[in-house]
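Descriptive analysis of the structure
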Amino acid sequence: MRVLGINAIFHDPAAALVVDGRVVAAAEEERFSRRKHGKRPVPFSAWELPELSAAWCLASAGIDVDGLDAVAYSFDPGLCRDADELGLSDPWDWLRVDYARRAPQFLAAALPGLDPEKVRFVPHHVAHAASAGLAAPPAGDDTAVLVLDGRGEVASHLAGVYRDGRLSPLHSQQLPHSLGLLYEDLTRHLGFLHSSDEYKVMALASYGRPKHLGMLRELVRVTDGGFQVERIDWTSMAKAVAAGGELAEEHADLASSVQARLEEVVLDLSRWLYDASGGAPTLAVAGGVALNCVANARLAAEGPYRDVWVQPAAGDAGTALGAALHVAGELGDRSVPMAGADLGRGWSDEELEAELRRAALPYTRPASIAAEAARVLADNGIVAWYQGRSEYGPRALGHRSLLAHPGDPDTTRRMNDVKGREQFRPIAPMVRAERFAELFDGVYPSPYMLFVHRVRPEWRDRIPAVTHVDGTARVQTVHPETEPVVAELLAEFERRTGLPVVVNTSLNTAGRPMVDTPREAMELFGSAPVDLLALGPFAVHRRALGGAR
Ligand SMILES: [Fe+2]
């Protein structure tokens, strides 16, 4: 079966193509439209579809619209109720629902030739659940699944279990109670962009103390399998911050308090699910809250599960994949676990070389691009690393990455400057899988960078650039069998420096989506103090352009 998955309803529009149960392409619309998060998270934009990414998914697989068996849309307007009835203050919610009802017609206009009858609505949290439970590596047993989200049609959370590819829901928390909306509210109060900058709040939390945890335990209570969130007067704990305004200790303390309460609630929900599922050994997690890698790490360390797997596109973008997997299952296909997050666009070596020629850039083809990059990194240079297909989800995982030396304490400032980011934001390490345990404690393997780890004390001074203020790091483990070129780069860097770690952050500048095309990589290279552009097997050195280094 050929099923195209579409996420369009709230934010992070994306498309995914599943053929015979296997995902063959998945991409977020922002990588094509170059608009961060694809669109504004407001009801007025609910009609906007991931037209470019959907068309690319089909073209990349050589499938035309006629060849599709179904289109899976990750929201079911048939489940919706009045916003007032749900306790939401969203006067335009009805418009969102109305747009969703007309999605089959909108899709038929966006994908000419599509029969609107082929569009199937998938409940939002079933789509999130499938993106975790059906895409996770095979557990051989039941897989418990926890969706922790802002909102779907009428709920904010779903707990269930996958048995033999079928989801049995066990509990869902009805709106307006929502851990995701709670965190979004706090994000807004701290002057950040909600549905976008929640990870900044998580980073800020590590600078504060959970002074308000007692009060928050009263305001955010766990019930039997769910939770209740009272209306919270944020200003009683810290004054509101204007957009881009100055943050003080009180704001870090508030962030720390909410983060701590979130972690406690997530742990409680996971324990309830473990019992209700009859002790499923594996937990798969998705939903926007599942991008909170500090909470994920606690869940893995203190929760009852043997393994915890988090969908790399845990936010709404991942529902495109989940919806498609769910419908493929309904049509009789067995899901094949996803092998990696590199599901987006890629270019052949010939195409990359043609782009370099067109740009008239002086380039070489070294014997090993990994060794070439490692040499520049060892010399404390910054490398724009562009290899293979782009990542699905918000993390750069060695395909569209900006790399640097982890041993120089000044690297964080330089990288945040290159990217125009706040200085309190940590930067993350990638490490060769076989060296992980020597340097870090915590979840292993961690190929998708969705957990924080403790840096072993003896290593903190050796890799200061990636050691956050609280002694943690958000590690990506690199496995030679799945990421041979990155593994080679790390091995070569270690040979030169004795450090098996490289700084890895996303290849973009502030406010822009990650680089997707070779041309965007060259544009970034030309506009930021980057020493080497490693474009596939080709090297472009800044010094060859007459630059400073
Ligand atoms: Fe969602």
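This text follows the structure it describes.
Residues numbered from 1 in each chain as written. Predicted model: local features only at pLDDT ≥ 70, side-chain atom pairs only at ≥ 80, totals over all residues. Heavy atoms only, no water.

**Considering the pattern of salt bridges**
One pass over the structure, following the stated rule, counts 38 salt bridges. A salt bridge links Arg 31 to Glu 30, with the shortest nitrogen-to-oxygen separation between them at 2.9 Å. Judged by its relative accessible area of 3%, Arg 31 is buried. For Lys 239, the salt bridge is made with Glu 250, and the minimal N-O distance between the two is 3.1 Å. Taken together, the residues span a long stretch of sequence, with Lys 239 in the loop between strand 10 (227-229) and helix 10 (249-276) and Glu 250 in helix 10 at a distance of eleven residues. You can call Glu 250 partly exposed: its relative accessible area is 28%. Bridged by salt links that share partners, the residues Arg 432, Glu 434, Arg 435, Glu 438 and Glu 494 form one connected network. (Salt bridge = Lys/Arg side-chain N within 4 Å of Asp/Glu carboxyl O. Buried < 20%, exposed > 50% of the residue type's maximum accessible area, 1.4 Å probe, protein only. Helix = DSSP H or I, 4+ residues; strand = E, 2+ residues; numbered from the N terminus.)

**Description of the packing of aromatic side chains**
Summed over the entire model, instances satisfying the criterion amount to twelve aromatic pairs. Residues Trp 92 and Trp 94 carry aromatic rings whose centres are separated by 5.8 Å and whose planes lie at 35° to one another, so their mutual orientation is tilted. A residue is classified by how much of its surface remains accessible, and Trp 92, at 40% relative accessible area, is partly exposed. Look at Trp 94 and you get partly exposed, because its relative accessible area is 48%. (Phe/Tyr/Trp six-rings, centres within 6.5 Å; stacked < 30°, edge-to-face > 60°.)

**Brief notes about unusual backbone geometry**
The bulk of non-glycine residues show a negative phi, and the bulk of peptide bonds are trans. Cis geometry is adopted by the peptide bond preceding Pro 176, which originates at Leu 175 and carries an omega value of 10°. At Asp 20, a residue that is not glycine, the phi angle is positive and equals roughly 50°. Mapping Asp 20 onto the fold places it in the loop between strand 2 (14-19) and strand 3 (22-28). Phi is positive for Asp 164, close to 55°, though the residue is something other than glycine. Mapped onto the fold, Asp 164 is located in the loop between strand 7 (155-163) and strand 8 (166-174).

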